[in-house]
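# Residue-level structural notes
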Protein chains: 2
Amino acid sequence: MKKSTIKDVAKEANVSIATVSRILNETGKGYSEKTKQHVMQTIERMGYYPNAIARGLINNESGSIGVLFPEVSAMVSAELLHGIESAAQAFRKSVIVCNTSSDQEKTKHYLRLLYEKQVEGVIFANERLTNNYQRIVTQMNVPFVTLSGTTEINHIPEIKVNDVQASYDATRYLIEQGHTRLAMISGNPNDLIAGAPRIDGFKKALKEARLPCEDTQICWNNAFYFDDGKIAFRSIIKNHPETTAIFAASDELAAGAMSEAHAQGIMVPDDLSIIGYDNTKLAMMLIPSLTTVSQEFETMGYKAANILFQSMMGEEVESLTMKHKIIERGSVKSVNEKFKNQ
Amino acid sequence: MKKSTIKDVAKEANVSIATVSRILNETGKGYSEKTKQHVMQTIERMGYYPNAIARGLINNESGSIGVLFPEVSAMVSAELLHGIESAAQAFRKSVIVCNTSSDQEKTKHYLRLLYEKQVEGVIFANERLTNNYQRIVTQMNVPFVTLSGTTEINHIPEIKVNDVQASYDATRYLIEQGHTRLAMISGNPNDLIAGAPRIDGFKKALKEARLPCEDTQICWNNAFYFDDGKIAFRSIIKNHPETTAIFAASDELAAGAMSEAHAQGIMVPDDLSIIGYDNTKLAMMLIPSLTTVSQEFETMGYKAANILFQSMMGEEVESLTMKHKIIERGSVKSVNEKFKNQ
C-alpha cells in the first residue's frame, strides 16, 4: 500500500500544506476548529501518519518518556504505571517501560538505552537514584523525577508520601484502638525508601506513647513480599507472644502474616490485629479485609508524569508530598470497645 | 557537556571508525572479542552513545515494540509485561506500553501512535483483534501477535491457552472430587476470549457427566473483578442453594465469591468448594489458599515476544497453545473422602 504524503492530504482536503502542518503540530493558530476537524477526518480516511522518527530528528523530540521500575509488587507498579500512562496520553507521549530488578548494572543499561532513544524525560520509580547514576543523568540532560523513591542527585523532584509520618500514623491508630503490645513486620531495614523510614515512624509512635520498644519487636526477612510476611510473623509469635497488634510495612507482608496466623489457629482480628501499608487491591480481597495505609498509586503516577511534562516544557517544578490516609476495614479490633462492652 | 562522536571513540581506542561501527551494530565479524571489550570500555568511559533516532532513520528500525493492554486485572498484565520485557531486553528492544481500556477508538489512537513511532512489531494482549483494525494493521506493515487473545485478521499468531479445555479440566476436577451440584461464576459471556469459551468448557464437563446443567447455574455480573464475583455469588446462593462447588472464571471472581461466602457464614471449603482461574499471585494469598487453573503469564509474555522477534527477523512463525494445569491448594474439598471416612 502506497503511503500518503502531507501533499496528498492537503490536496484532498483542499487546504495548504502549511495548514496541515500547523494542525498536526497543534499550534492552535492559523486554522479554524472546523478546518481542523475536516483535515483530521481526511488524514484518518487516507491513512496518513507523519513519520515520528523523522519529525523527532527535526524537533529533537522523540515523543517518549522512560519509566524505570525495580521488581516491586506487581500490584504497586501496575497502578503507578496506569497513572503515568493516563497523563502521557493527554500529552501524546509514549511510555517506555524498563524493569531494573533493583540491579545497578541493569539500571545503567536501561538509562543508556533511554538515552539512545532520546527520551524527553525519565520517571525513576520505587528506588533510590544514587550518585552512581550522576554521570549518565548529566549526560542525558533531560528532566528526571523520582516516584515513590528518593534521590541523592540535586534538583530532581521527589513525588512520594511521607513514610515516617504514615508509619507513625498507622502505629498511632493501633495504639488508639487500645493496643499496648505492638510488633512490626518490616521490609529490609537497609532499604532507604520503604525500610528504615517506616521503622522510624513505628518507633516514634511507641516511644511517644511510652510503650515497650525493643529491637526484637521489629521483624523482617528479606523484602516486602507474602513469604517474607509469613516468616517474620513466626519470629514475632515466637519472641513476643504477648503481641496483640502488628504493623506490616506492605499489604503483601500483612497478607503473609494473616495466612500464617490462620495456619497457627490465631484469629484476626479477635486474637490479633493487623494493619498493612499501600492499599493495593489485595487489601479489600483478604478475609478479613485489611485495614491499611492508603497510598494513592494511580494518582501518584499521574502527578509524577505531569510534573515531568511541566519540567520538559521548561517550567520550574518542585517535590510533592502526597497525602496518605488510614483505610479502616476488618483486620483491626478495638480493645477499648471490648472493655466498654464488658 | 560536549557529546563524544564515533570519531572520538575510534581515535581514543586506536581503532578505525568502521570497527567501532561494526561492534555497535553487533555484526560479530571484523573484530576480536578483546577489541570489542576494549572499544566498549572506551565507549563507556567517554559516555558515547549512538543516536538511536538517527540510526533508526538509516536502518529503518526504531528499536521498539508496542504492547497494547486493555484494562484487565493489574496482576495479569503486570506478569505478562514482565515476561515480554525480559525477552525484549535480550533483543535490545524497548517496550512501549499502551493501555486501551478495551475502547476501540483508544485502541486505534494507540495503533496510530505506534505507527508514527515506527515500532517494529506489536503485541496485542488480552483482547480480540477484530477486522475493525484491519486497515491500520495493514498500513503498519509490521508483525503482530495476539497474547492471551484472539484475532479475526489472518496470519497473525495467537499465543494463548485453550480456554475451553482448561475450563473443562477445572470442572472435571470438581466432579472428580465427588461434587454433583455445580455452579459457575463467569465473566461477561459476550467476551469471546475469556467469557464464552470458559462457559463452553464448564457445560461440556457437566453434560458429559450427565449432571444438571441449567443456564441459571451460570452467573455473572459484568467483568472479571472482585465485586463481580461477590454479586454473582449472591445469585448462585439464592437460585441454587444446593450448590457444593463453584468454578470461577478468574481468581478475582473467586476471591469475591469467597469474601461473600465468609460474610454469609458459609465456610470454604467445608460448606462449599471453589476453584479459580489464572493462578495470579492473589491465589496463594487468600485464606484458604485458592485451588486454580494455572496460566503461566510470565512465560506466555516471554514466548509471545520471542515469536514476535522471530517474525520481525523474517522467520515463519505459528500460533502457540500454552499448557495449563490445575494447582491444588486449600479451597476445594473432596466429597469422596468425606464418604470414605464415614
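Provided above is the structure to which this section pertains.
## With respect to the packing of aromatic side chains
Two descriptors summarise a pair of aromatic rings, namely the distance from one centre to the other and the angle between the planes of the rings. Counting across every chain of the model gives eight aromatic pairs over all chains. Seen from their ring centres, A:Phe124 and A:Tyr133 are 5.8 Å apart, and the 55° between their planes marks the pair as tilted. The burial state of A:Phe124 is the same as that of A:Tyr133; both residues are buried. On the basis of an interplanar angle of 50° and a centroid distance of 6.2 Å, the ring pair of B:Phe247 and B:Tyr277 is categorised as tilted. Highlighted residues: B:Phe247 in strand 10 (residues 245–248) and B:Tyr277 in strand 11 (residues 273–278), separated in sequence by 30 residues. B:Tyr277 carries the same exposure label as B:Phe247, and that label is buried. A cation sits over an aromatic face here: A:Lys204 above A:Tyr168, 4.5 Å from the ring centre.

## Quick notes on unusual backbone geometry
Residues and elements named next belong to chain A. Residue Pro-269 follows Val-268 across a cis peptide bond; omega there is 5°. With respect to the helices, strands and loops of the structure, Pro-269 is situated in the loop between helix 11 (251–263) and strand 11 (273–278). Its identity is not glycine, yet Gln-118 carries a phi of approximately 50°, on the positive side. Take Gln-118: it is sitting in the loop between helix 6 (104–116) and strand 3 (122–125). Of note in this structure, Asn-126 is not a glycine but carries a positive phi near 55°. Looking at where Asn-126 falls in the secondary structure, it is placed in the loop between strand 3 and strand 4 (128–129). You can call Asn-126 buried: its relative accessible area is 15%.

## Observations regarding the sheet that holds strand 2 (residues 94–99) of chain B
Ordered by their spatial adjacency, twelve strands build an open sheet running 13(A)-7(A)-5(A)-3(A)-1(A)-2(A)-2(B)-1(B)-3(B)-5(B)-7(B)-13(B), and the pairing between neighbours is mixed. Edge strands, defined here as strands with exactly one partner in the open sheet, are strand 13 (320–322) of chain A together with strand 13 (320–322) of chain B. Recorded for the sheet is a direction-independent mean angle of 20° between the axes of neighbouring strands. Both strand 3 (residues 122–125) of chain B and strand 5 (residues 144–147) of chain B contribute to a ladder of four bridges, which runs parallel.

Definitions and limits used
- Residues numbered from 1 in each chain as written.
- Chains lettered and ligands numbered in written order.
- Predicted model: local features only at pLDDT ≥ 70, side-chain atom pairs only at ≥ 80, totals over all residues.
- Heavy atoms only, no water.
- Phe/Tyr/Trp six-rings, centres within 6.5 Å; stacked < 30°, edge-to-face > 60°.
- Buried < 20%, exposed > 50% of the residue type's maximum accessible area, 1.4 Å probe, protein only.
- Helix = DSSP H or I, 4+ residues; strand = E, 2+ residues; numbered from the N terminus.
- Lys NZ or Arg CZ within 6 Å of the ring centre and 35° of its normal.
- Pairing = 2+ DSSP bridges.
- Axes fitted to C-alpha atoms, helices over the stretch in contact; angles between N-to-C directions.

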